[in-house]
Each structure stands twice: as structure tokens, then as C-alpha cells.
Amino acid sequence: MTAGHAAAPGGRPLLNRRLAEFGTTIFAEMSALAVRTGAINLGQGFPDTDGPESVREAAVRAVRDGRGNQYPPGPGIPELRRAVAEHQLRFYGLRYDPETEVLVTAGATEAIAASLLALVEPGDEVIALEPYYDSYAASIAMASGTRVPVTLRPDAASGTYRLDLDELRDAVTDRTRLILLNTPHNPTGTVLTRDELAAVAELCVERDLLAVTDEVYEHLVFDGTHHPLAAFPGMRERTVTISSSGKSFSLTGWKVGWVTGTRALVTAVRSAKQYLTYVSAGPFQYAVAEALALPDAYYLGLRDGLRARRDLLAAGLREAGFGVFAPAGTYFITTDIRPLGATDGIDFCLSLPERVGVVAVPTQVFYDHEPAGAPYVRFAFCKAEDVLTEAVRRLHELSGLSGLSGN
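Cut-offs used in this document
Residues numbered from 1 in each chain as written. Predicted model: local features only at pLDDT ≥ 70, side-chain atom pairs only at ≥ 80, totals over all residues. Heavy atoms only, no water. Domains from an automatic or database assignment. Contact = heavy atoms within 4.5 Å. Buried area = accessible area lost by both parts, 1.4 Å probe. Salt bridge = Lys/Arg side-chain N within 4 Å of Asp/Glu carboxyl O. Polar contact = N/O pair within 3.5 Å; in protein donor to acceptor, adjacent residues only side chain to side chain. Helix = DSSP H or I, 4+ residues; strand = E, 2+ residues; numbered from the N terminus. Pairing = 2+ DSSP bridges. Axes fitted to C-alpha atoms, helices over the stretch in contact; angles between N-to-C directions. Buried < 20%, exposed > 50% of the residue type's maximum accessible area, 1.4 Å probe, protein only. Expected span 1.5 Å × (residues − 1). Core = buried A, V, L, I, M, F, W, Y, C linked by side-chain atoms within 4.5 Å. Arc of directions from axis to C-beta.

Enquirer: Mind laying out the domain arrangement of the protein, listing which residues take part and the relevant values?
Expert: Partitioning the protein into structural domains gives domain 1 (17-51 + 300-402) and domain 2 (53-296). The C-alpha-based centres of domain 1 and domain 2 are spaced at 24 Å. Counting residues at the interface gives 37 residues for domain 1, matched by 43 residues for domain 2. Across the interface of domain 1 and domain 2, roughly 3,300 Å² is buried in total on both sides, 58% from carbon and sulfur atoms. One can count 2 salt bridges joining domain 1 with domain 2. The salt bridge partner of Arg147 is Asp368, with a shortest N-O separation of 2.8 Å. Counting every contact that joins domain 1 to domain 2 gives 19 residue pairs in polar contact (both at pLDDT 80 or more). Where the side of domain 1 that touches domain 2 is concerned, the elements lending two or more residues are α1 (26-37), α11 (296-320), β11 (323-325), β12 (332-336) and β15 (376-380). The biggest single contributor to the side of domain 1 that touches domain 2 is α11, with 6 residues.

Enquirer: Break down the sheet that holds β15 for me, citing the residues and quoting the values.
Expert: Backbone hydrogen bonds hold the strands of a sheet together, and the pairing may be parallel or antiparallel. Spatially, the 4 strands line up as an open sheet ordered β11-β12-β15-β14, and their pairing is antiparallel. Each end of this open sheet is capped by a strand with a single partner; those strands are β11 and β14 (361-362). Relative to β15, β14 runs antiparallel, the two being bridged by 2 bridges. Each bridged residue has a counterpart across the sheet, and for Pro362 the counterpart in β15 is Val377. Sitting on the sheet, helix α12 (residues 345-356) is in contact with β14 and β15, with an inclination near 40° to β15.

Enquirer: Which residues make up the side chain of Gln88, and what values do they have?
Expert: Tracing the backbone through its elements, the reader meets Gln88 in helix α3 (residues 78-92). Note on Gln88: relative accessible area 3%, which makes it buried. The contacts of Gln88, once residues within four sequence positions are left out, are Gly93, Leu94, Tyr96, Glu218, Thr241 and Thr260.

Enquirer: I'd like a description of helix α4 (residues 107-119), backed by residues and values.
Expert: Counted at 1.5 Å a residue, the expected span for α4 with its 13 residues is 18 Å, and the 19 Å between its end C-alpha atoms agrees. Burial analysis of α4 places 10 of its 13 residues in the buried class, the great majority of the element. Residues Gly107, Ala108, Glu110, Ala111, Ile112, Ala113, Ala114, Ser115, Leu116 and Leu119 constitute the buried set of α4.

Enquirer: I'd like a description of the nonpolar core, backed by residues and values.
Expert: Most often, soluble globular proteins have nonpolar side chains that are buried together. Counting residues in each nonpolar core, the largest one holds 100 residues, and the members touching the most others are Phe322, Phe348, Phe379 and Leu395. Here this core gets 8 residues from one element, more than from any other, and that element is α11. The residues contacting Leu395, other than those within four sequence positions of it, are Leu317, Ala320, Phe322, Leu352, Val356, Val358 and Phe379.

Enquirer: Explain α12 to me, using residue names and the numbers behind them.
Expert: Given a rise of 1.5 Å per residue, 12 residues ought to cover 16 Å, and the 16 Å separating the end C-alpha atoms of α12 matches this to within 8%. Along α12, the positions that sit buried rather than exposed are Gly345, Ile346, Phe348, Cys349, Leu352, Pro353 and Val356. Projected down its long axis, α12 shows its buried positions confined to an angular sector of 165°, all on one face. Buried positions along α12 lie against α1, β13 (358-359), β14, β15 and α13 (385-395). Where α12 begins, one side-chain oxygen reaches toward the backbone nitrogen of Ile346, 3.1 Å away; that side chain belongs to Asp344. Gly357 sits one or two residues past α12 and shows a positive phi near 80°.

Enquirer: Please give an account of unusual backbone geometry that cites residues and values.
Expert: A negative phi holds for most residues other than glycine; trans holds for most peptide bonds. The residue after Thr183, namely Pro184, is reached through a cis peptide bond having omega -5°. Mapped onto the elements, Pro184 comes out in the loop between β7 (176-182) and α7 (194-207). The backbone phi angle of Ser250 is positive, close to 55°, even though this residue is not glycine.

Enquirer: Any chance you could break down the environment of Ser244 for me, citing the residues and the numbers?
Expert: Among the structural elements, Ser244 can be located in strand β9 (residues 239-244). A C-alpha to C-alpha distance of 20 Å links Ser244 and Tyr275, two positions 31 residues apart in sequence. Not counting chain neighbours up to four residues away, the residues in contact with Ser244 comprise Ala108, Val216, Val256, Gly257 and Trp258. For Ser244, the side chain forms a polar contact with the main-chain nitrogen of Gly246, separated by 3.5 Å.

See below:
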């Protein structure tokens, strides 16, 4: 769903060739379609309820007290850096110096971009698990790197997506610089197991690779356990760990993220980050520092509530005729549209709002080789139960419609 790009008066394209393949993000396109049609938006992964009141009030207090209304420190306010370090120790036993090994960013998206801009030289290969969040491809391109996809493949028997470790090993060459790892994985909902992560860690150590890990869904694991790659032998000194407040606290608009790693790695990422936003979200940083200290009951309640909504939507999608891949984590359910007689996810998603008033996202836009993802469509379940129930009711109408082939 790439848009055309204008040319300068002399005929030369305005957009540099590294970004020429990228148009408007699929999330912006589908959310605009939801607004235009009045459809229920199960495409973009944002909750339709706000985060904890205590955290929102903390932001209000910060604004009123004049904390963060001017430029905060470049690495982030000390309170948030300490809170991030305490969070990593509390949940994973990972120790980081908040003064030198924690960096606050404008969400995880900036953290990913800054990490790749800092660590990748032109021509370096970056391995990413496909299908991948669309900013990965753009960030690798901006860094003049070469993306190398390793595909998570759907297994109809288990109803999950799995990583082929042999394929991952075979993807490493002498030009490979780092592995960009996302677990829990968007869009498939895969949560890599301890054994799988141990194998990734061994490969990184053996081939002297860096790792950049996107762990924004770390607290949204319904089946299994989240294991940070940095906790495995030999990985702390070669891993940039990224997370954010958006998914853990249902505050996606605040755009407060962070990086943890060794002093050398964080210094490198900061070198790029300081020329992107420099700083952001001053008052929100104080509030997120308080959020990270919320009791275990909060995190467990968040997980259990989303698990119930996952199960509600998954059951409804199966009843509506979709093939369903049950996610072990994240906000998302991937479905197979072929049981409905459709084969092209883009056509299916573009027509869905008009047909039944629901918006989804075609998974094929997250692949380098689109046919691999053509019959798959992603739905977000981070919505209120009544919204999901109504969406399911509408989707059931598909069984009475014709012309769903998508060819």
C-alpha cells in the first residue's frame, strides 16, 4: 500500500531512494478508513480506554507543579531512569546503572530508529523476524542497512507461528551486524520460548552479533513467560533492550519509551537519538516513573483482562468462519481468510469496512515477499468487551455475503 512520490522540477524524485518503497503507514491508512466509514477499528493497536487514573493524575500534577514543562535532561529525567532500572531488576533480575545504562526515548519507535542509526553501517545486514512491524524496514533503510527477513511460519496444527532456528542460523553471513528481535511478537503474537532464545543468544555470541530487542509487549503474555534476551549468557554486553509505557499502561499517545544496555551501547544510541527528538514528553516521564512502580496486582490484572478479550474475539472469529492463530501475547490475533473464500488480505481489508463496518490490517504489508502473507489478516483485541462483541456480531454477517474471493 505504498503511495507514489512527487518529483523535483528537474525530474529527480524528492524522496531519497532509501525510503522510496515506503508510503503512508498501513495503520494511518486503515484508521483513516475507519473514521471515514464509521467502522469499528480493530486495525491499529491502541486501547479505547485510558490507563490507570493514578498515573494520569501524576501527569497532571507534574504539569501543575512545573515539572517537565521545559526541556527535560537529554537522557530522561532521573526519576524515570531509576524506575526503569528498578523495573528491570524487579521483573528480570537485570541490573542497570540508571545514570549511564538507561535512555528515555520518544516511544519504542524512536528507540528502534536510533539504535539502528547508531549501530548499523551502510551495507550491514540486519536480520528481522518476518512479518515485522513496519517501522523496522524503514529504520533499517534509513540506516542504509540491508534487511534480511527470517519468516515465522504459521502452523495450522498448533494454531501458532513458529521460528525455524535452522533458517535463522542460515541467514547469518559475514555481513550480518545484528539481529532485530521482537518478542512477544507483533503481528503474530508469538512468544519465543526460553530454549529458542537460548539458541538465539548462542548464535549471537558465536558469530559476534549485536541484538536489538523490541519488548514493548513484555507484560502482555497470556501463555508462556517473557524472557529478555539480555538475561542469557554473553548477551548483556551485546543487547540493546527496548520497551515503552504505551502498551503496559494503555497510554500509547504519551510516547514514552526507553533503552537499556551497557554504557557503551546506550551512549551509541544516545548519539543518534539526540538529533532526532532530543527530548520529549517531560511531564509524562514523571507519571511513567510512578506507573512502573505499580504493584504486581496491576500487571496481573492487565494481563488477565486482555487474555479474556483475546479469548472473546478469537471465539467470535472462529464462529464467523476465519481460521484463527491464537496469540500467546500482544494485542493481536492473526487470521486466515481462505475459509471465507478470500485470498488477498489487502482487498479483503479495504472492502471489510463497507461490507460489515469493521477495520482490520492485512498482514502481507509486513512481509518482504507479500505472497507469504497474502491470506492473513490481523485484528486487535485491546478494546472494550462491548466493542469486541459488536465487532463479532458484524463479522458474522460475512457468511451471508458473496464476492469475498479477494482475487
